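Listed below are the residues making up each chain.
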Amino acid sequence: MATIKDIAKIAGVSITTVSRALNGYDDVSKETKQKIKTIADELDYSPNAVARSLVSSKTNTIGVIFSELKYTGGKDTLAFDILIGINERANEMNYDILLFSTSPSKQRIKSYYNLCKERNVDGAIIFGLRVDDPYLEEVIQKSKFPCVLIDIPFSNEHLGNVTTDNIDGVRKAVQHLIDGGHTNIAMINGYPAAHVSEQRLKGFKKALSDNGIAYDESKIWDGEFSEDGGEQVMQRILDEHPGVTAVFCSSDLMALGAMRALEKRGRKVPDSVSVVGYDDIILSSYCVPKLTTIHQNKYDMGWAAAKLLIEMLEGKQIDHNVVLNNELIVRESTKKLR
């Protein structure tokens, strides 16, 4: 592989002159620049990114860390949509991305800081962490390495976050049910170690409180953010609370599972039970009945996370807390009580 030393030798100039010519500095004449460019093209020269990063202490590369990626049969593209948003904003700003996957067990073996430094990235975006994951504690309490969290609203000098307004999103969903005359409402949440589960439960409680409806903890179940989990929990809700007329689910996948359970019991949606989901995955507009849900723009979350991290890396004075709006999408899985 050709180097700037080779170009300098052939051109009869110093290595510094070659470097400044190739980087467009004005103190090199046009004739010398053209001569050096011609030689570089003939030698098929390309800059050594590693060497350049050693000089500048920057690689213009972002680490993207996804925790516990799971295959959903193509039903849920949440992680993919976020990744596309990150990639497109990074490309716009001339940054590359490097994708890592992790899990709680991997995090105990290799620290977040060591993972990022070994891969030589300038900063990181992390999605999918549980509140009890080692990386979250390290990022918040110990690390000064630039990082943006998605869906976990913590921030400091070196840490930013991007999330949607989970509390208000659920409030909108449950208010829609209450406006339809429903007061006997159950909730299928995710799991306690997910920060969004905590926020969405707060939104559920707020909607009930705002409307003078008593909160009943026995109608709250965890479905692990999975379709099977949603089905299993819905079966238990029907056994223990057969009078429930509506259910809010903290993810569309769980809502699909809940509707499957209702179908097996002969409880027609929405005539017998209204169902609302969260996320607005593609399948929610194609299932039967089409799912009423809260739309959060996953692409925008990724785009905003990359924008925030790059602005942090470039030393800009910005708000490290980014909260995106969401929207209630009313379809066919809810109806007013007669």
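First things first, this report covers the structure right here in the doc. (Residues numbered from 1 in each chain as written. Predicted model: local features only at pLDDT ≥ 70, side-chain atom pairs only at ≥ 80, totals over all residues. Heavy atoms only, no water.)

1. Focus: the packing of aromatic side chains
Part 1: Under the counting rule described, the total for this entry stands at 6 aromatic pairs.
Part 2: For the ring pair Tyr112 and Tyr135, a centre distance of 6.0 Å and an interplane angle of 65° mean the geometry is edge-to-face. Separated by 23 residues along the polypeptide, Tyr112 in helix H7 (residues 112-118) and Tyr135 in helix H8 (residues 134-142) bring together distant segments of the chain. The exposure classification of Tyr112 matches that of Tyr135, with both residues buried.
Part 3: Summarising the aromatic geometry, the rings of Tyr112 and Phe145 are spaced 6.1 Å apart at their centres and angled 75° between planes, so their arrangement reads as edge-to-face. (Phe/Tyr/Trp six-rings, centres within 6.5 Å; stacked < 30°, edge-to-face > 60°. Helix = DSSP H or I, 4+ residues; strand = E, 2+ residues; numbered from the N terminus. Buried < 20%, exposed > 50% of the residue type's maximum accessible area, 1.4 Å probe, protein only.)

2. Comments concerning the pattern of salt bridges
Part 1: Taken as a whole, this structure holds 18 salt bridges when the rule is applied.
Part 2: When the shortest N-O distance is used, the salt bridge between Glu118 and Lys110 registers 2.7 Å.
Part 3: Judged by relative accessible area, which is 49%, Glu118 ranks as partly exposed.
Part 4: Taking relative accessible area as the criterion, Lys110 reaches 28% and is therefore assigned partly exposed.
Part 5: With its nearest N and O atoms 3.2 Å apart, the salt bridge here joins Glu227 to Arg260. Residue Glu227 is located in helix H11 (residues 227-240), and its partner Arg260 is located in helix H12 (residues 252-264); the two are separated by 33 residues in the primary sequence.
Part 6: For Glu227, a relative accessible area of 15% corresponds to the buried category. (Salt bridge = Lys/Arg side-chain N within 4 Å of Asp/Glu carboxyl O.)

3. As for helix H5 (residues 78-92)
Part 1: End to end, H5 covers 22 Å across 15 residues, agreeing with the expected 21 Å (1.5 Å per residue, within 8%).
Part 2: Listing the buried residues of H5 in full gives Leu78, Ala79, Ile82, Leu83, Gly85, Ile86, Arg89 and Ala90. All buried residues of H5 project into a common sector of 160° when viewed along the axis, lining one side.
Part 3: Buried positions along H5 lie against strand E1 (61-67), strand E2 (96-102), strand E3 (123-127), strand E4 (147-150) and helix H13 (298-313).
Part 4: Note on H5: the residue one or two positions beyond its end, Asn94, has a positive phi of about 60°. (Expected span 1.5 Å × (residues − 1). Arc of directions from axis to C-beta. Contact = heavy atoms within 4.5 Å.)

4. Points about the state of the cysteines
Part 1: Inspection of the entire model under this criterion finds 0 disulfides.
Part 2: Of all cysteine sulfurs in the structure, the one in Cys116 sits closest to Cys147, which takes part in no disulfide; the separation is 7.3 Å.
Part 3: In this structure Cys249 is not part of a disulfide, and its nearest cysteine sulfur, from Cys287, lies 11 Å away. (Disulfide = S-S within 2.5 Å.)

5. Points about the pairing of strand E8 (residues 246-249)
Part 1: Neither face of E8 is open: one carries Ala246 and Phe248, the other Val247 and Cys249, and all of them are buried.
Part 2: Where strand E6 (residues 185-189) and E8 come together, 4 bridges link them in parallel fashion. Paired with Ile185 across the two strands is Ala246, which belongs to E8.
Part 3: Strand direction decides the pairing type here: E8 and strand E9 (residues 274-279), joined by 3 bridges, are parallel. Paired with Ala246 across the two strands is Ser274, which belongs to E9.
Part 4: In terms of handedness, the path from E8 via H12 over to E9 forms a crossover that is right-handed. (Pairing = 2+ DSSP bridges. Right-handed = clockwise from strand over helix to strand, strands pointing away.)

None of this, on its own, says anything about what the molecule does.
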